[in-house]
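Coordinate inspection notes
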Amino acid sequence: MSLRHLAFAAACLAALTAPAFAETNITVLHVSENPTQKALWNKIAADYNAEHKGVNVQFKYLENEAFKAKLPTMLQSDDRPELFYSWSGGVMQAQAKAGFLKDITADIGSAESALSPIAVDAFKVDGKVVGVPFEVGEVAFYYNRKLFEKAGVKAEDIKSWDDFLGAVKKLKAAGITPIVVGAGEKWPMHFYYSYLVMRIGGEHALADAKAGKDGGFKNATFVEAGKRLRELGALEPFQPGYLSTKHTESAGMFGDGKAAMDLMGQWLLGMQAPNSTSGKGLPEENIGILSFPIVPGGKGQATETLGGINGWLVGKSAPPQAIDFLKFFSQAKYAQEAAATAAYIPVVKGAEASFTNPLMKRLADDLAATTYHQNYFDQDLGPAVGRVINDVSVAVAAGEMTPEAAAAAIQDAAEQQ
Amino acid sequence: MSAIQTTYVEPARRMSANGWAAVVIFLPPALLLFTVFVALPIAQAAWFGFFNWDGYGRPEKFIGLKNYGYLIGNATFNRSLVNNGLVIAVSILVQQPVALAAALMVAGRIAGAAWFRMIFFLPYVLADVAAGLIWHFMFDGSYGLSSVITGALGLPPYYLLADKTWAFSAVLIVILWKYFGFYTMLYVAGLQGIDRSLLEAAEMDGATALQRFWHITLPLLGPMIRLSIFFSVVGSLQLFDIIVPLTSGGPFETTNTMVSYLYYFGITRMRFGYSSAVGIVLFVTCVAFAFGYRRIVMRDD
């Protein structure tokens, strides 16, 4: 081999190995199917990679159920993601307790002061920061303005649970299906049970039950919430066959104008059109938003909100660049872009001003003004107890289980943990 | 006679000398694979079954036989067992006779037999999940086939999948539809293996078609029937991928099988100790059946 050949070979080898040595790969595992969100995230990653030589941030998608099932194994392997999607709550606490999350309290410093404190607190375990939130959501009633008008129901007049039941009766009398619910997947029904618990028991209801006060989940609040849910179910307000309806089907039915209301998270706005028969869904000016009514005599306020808090958790072996990327990600300009494109409701304070979509703006304003925000019960409690809440919500609404038995079933599940 | 025997025995002895070499060369890889991918996971599942474990970190909360205790008297699990039994009963009492009848029709050289065989076999080729999804829409009372039928009869829409008494019959219908073609094929193969001259001889002796079927075809098909029943029972015990898209175990947990129970009440709830315990129950059931059936029913095959 001549010297020239050798030099050439050495140059090739150097060219091949050099970037591999310098490159720090950061994988961000997520479950979002929303194209607007994904486009924004990919853009943020590209911006970061362009500014930081030698770091390669990559968003990777995994289907929701697959993500949940695979994550425990992935975190224990060498293939673990540096950053990954989380709903906070019970699963996050289990991950932290098992030592899979990095304590980033010192690294993140004051970078989170610009974020909503509710969301920041949701990503603390025993006072230590383990992740950074990016999104909050709100579950509220979406209603079809035309159908409300047809039945002579005024949304502004629905303040209390009794007003709400009155509206349901009026809609039914007008031959309109009052509510659509994807009870085949159960969790959509647990929003009713959760909100009733919040409106009856106030902000401490869930925390007290978790702590086992007054019989834990068997306490009066949970039983009363079950009774109210059955009161609604007894009016037969749901679409026929609701027990086998899937979530996407229910969104389509709302988009088709087959029912007047849907108690759902903000993603319904993105789902109602593509899942409708025509593919067009309801025009947004025909959709209104209604906060969950207060229950007379209850401790909860109408300004208390239920909804998801999502963020990125940091794996235990993540390099410092991963935390640096989270700071980069949390910049106001990206939050404003998320708001402007209605990709999601960002947690950066003041971003609500950038919403142009009036429905999303309404939700963002609610969340900015919330007096207490509660994560989804099934996420807060973790899957072992959370899924029992989902099961009993459907069974109670359908009259298949008594409110007392439902409360006892939740308590049983909590004790088996 | 003895000469023939020695010619049979001799190569067998020589083989056994070579056989040892074959055992030494071929057994370790197979044994290793079997141990790593079959035996170890089963042992691990048995071990996890004694813990209350959410899948994160190591199982630490030892709870003895409590996971098995939760299963005893659990209404949902009992219902899953009953459902598994129903699937087995319908497979044996309805699916197998229908498959055999279809096989008798298409095994002969009638016009279009090949087409019918293909049509019968088509559902089997379809992925289970796709079949479940398709039937979920078919049973839909507002848009599906079910709405066409109720509409034609002037009845109010009927939502079979939301009816807690009858929802499981939807699962049974899909299973019948999906797998009878597979058994038809098995029986067609079995029928083609029957010596025609036997049937012709019987016909010459004046046996009726029914007599020929009862005394010749059926006994000669025996091994195939016993094998089909074996497949259908083991398949029924493992039934899962049709349930998830079709009913998700609902309404009110009335359409679970053992495996979907394991998935919905163990894995999706991150109760890995509990799901391991269910898995062990399922495993013991399958093994007991497989060995028992082979020993007792298939011993002559």
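Residues numbered from 1 in each chain as written. Chains lettered and ligands numbered in written order. Predicted model: local features only at pLDDT ≥ 70, side-chain atom pairs only at ≥ 80, totals over all residues.

1. Focus: the overall build of chain A
We count it as follows: Think of it this way: any DSSP run of H or I at least four residues long counts as a helix, any run of E at least two long counts as a strand, and we number them from the N terminus. We take the radius of gyration over the C-alpha atoms and set the globule estimate at 2.2 Å times the residue count to the 0.38 power. Neighbour density around each residue's C-beta defines its exposure: 20 or more other C-beta atoms within 10 Å make it buried, 12 or fewer make it exposed, and counts between make it partly exposed, where C-beta atoms are placed from the backbone. Note on contacts: each residue gets a C-beta atom placed from the backbone, and two residues are in contact if those atoms are within 7 Å.
Scanning chain A from N- to C-terminus turns up 19 helices and 13 strands. Relative to the 2.2 N^0.38 estimate, which gives 22 Å for 417 residues, the radius of gyration of chain A is 24 Å and therefore close to what a compact globule would have. Dimensions along the principal axes, computed over C-alpha positions, put chain A at roughly 95 × 50 × 40 Å. Considering chain A as a whole, with its 417 residues, one finds that 50% of them fall into the buried category. In chain A, the share of contacts with a sequence separation of at least 24, taken over all contacts with a separation of at least 6, comes to 75%.

2. A look at the interface of chain A and chain B
Residue-level contacts link 19 residues of chain A with 19 residues of chain B. The set of elements that each furnish at least two residues to the side of chain A that touches chain B consists of α3 (64–75), α4 (89–97) and α18 (383–397) of chain A.

3. Observations regarding the packing of helix α9 (residues 187–201) of chain A against helix α11 (residues 220–233) of chain A
All names here are of chain A. Rules: Here the axes come from fitting lines to C-alpha atoms, over the contacting stretch only for helices, and the angles between their N-to-C directions go from 0 to 180 degrees. Oblique is the label for any angle not covered by the other classes, which are roughly parallel (under 35 degrees), roughly antiparallel (over 145) and roughly perpendicular (65 to 115). Take the far helix as the reference: if the near one is turned anticlockwise from it by less than a right angle, the crossing is left-handed, and if turned clockwise, right-handed. Only Asp, Glu, Lys and Arg are considered charged in this grouping, and only Ala, Val, Leu, Ile, Met, Phe, Trp, Tyr, Cys and Pro are considered nonpolar; every other residue, Gly among them, is considered polar.
One way to put it is that α9 packs onto α11 with a least axis distance of 9 Å and a crossing angle of 125°. Relative to α11, the element α9 lies oblique. Of the two possible hands of crossing, α9 and α11 adopt the one that is right-handed. Contacts between α9 and α11 involve Y192, Y193, L196, V197, I200 and G201 from the former and T221, F222, E224, A225, R228, L229 and L232 from the latter. Classifying every residue of the contact of α9 with α11 by side-chain character gives nine nonpolar, two polar and two charged.

4. Observations regarding α3(A)
For the α-helix, the turn length of 3.6 residues means that residues three or four positions removed from each other point alike. Residue and element names in this part refer to chain A. Operational definition: One less than the residue count of a helix, multiplied by 1.5 Å, gives the span that helix is expected to have. Picture the helix axis, draw a direction to every C-beta atom, and the arc is the one those directions span.
Helix length check: α3 (12 residues) gives 16 Å between terminal C-alpha atoms against 16 Å at 1.5 Å per residue, within 8%. Restricting attention to buried positions, one finds in α3 the residues L71, P72 and L75. Seen end-on, α3 carries its buried residues on one side only, within an arc spanning 95°. For α3, the exposed residues set more than 90 degrees away from the buried face come down to A66 and T73. Residues of α3 that are buried make contact with α4.

5. Brief notes about the sheet that holds strand β7 (residues 140–144) of chain A
Residues and elements named next belong to chain A. Keep this limit in mind: At least two bridges found by DSSP between two strands are what make those strands a pair.
An order of β8-β9-β7-β10 is seen for the four strands of this open sheet, with the pairing classed as mixed. Two strands in the sheet have a free side with no partner beyond their single neighbour: β8 (177–179) and β10 (287–290). This sheet shows a mean twist of 20° between the axes of neighbouring strands, independent of strand direction. Of the pairings in the sheet, the one linking β7 to β10 comprises four bridges and is antiparallel in character. Looking across to β10, one finds that N144 is bridged to I287.

6. Focus on the domain arrangement of chain B
Inclusion rule: For the domain bounds, the source is a domain assignment made automatically or taken from a database.
Assigned domains of chain B: these are domain 1 (2–39) and domain 2 (66–130 + 179–296). Put simply, the middle of domain 1 of chain B and the middle of domain 2 of chain B, counted by C-alpha atoms, are 34 Å apart.

7. Concerning the sheet that holds strand β6 (residues 131–136) of chain A
All names here are of chain A. With mixed pairing, five strands are arranged side by side in an open sheet as β2-β1-β3-β12-β6. Bordering the open sheet on either side are β2 (55–61) and β6, each of which pairs with just one other strand. Here the strands of the sheet are splayed against their neighbours by 20° on average, with no regard to which way each runs. Both strand β1 (residues 24–30) and strand β3 (residues 83–86) contribute to a ladder of two bridges, which runs parallel. When the sheet's bridge partners are listed, V28 is paired in β3 with L83.

8. A look at the nonpolar core
The cut-off we apply is this: Residues enter a nonpolar core if they are buried, belong to Ala, Val, Leu, Ile, Met, Phe, Trp, Tyr or Cys, and are joined to the set through C-beta atoms within 7 Å.
Formed by 182 residues in total, the largest nonpolar core has its most connected members in Y192(A) and I410(A). No other element matches helix α7 (residues 167–192) of chain B, which puts 13 residues into this core. Residues contacting I410(A), with those up to four places away along its chain left out, are F217(A), F222(A), V385(A), V388(A), I389(A) and V392(A).

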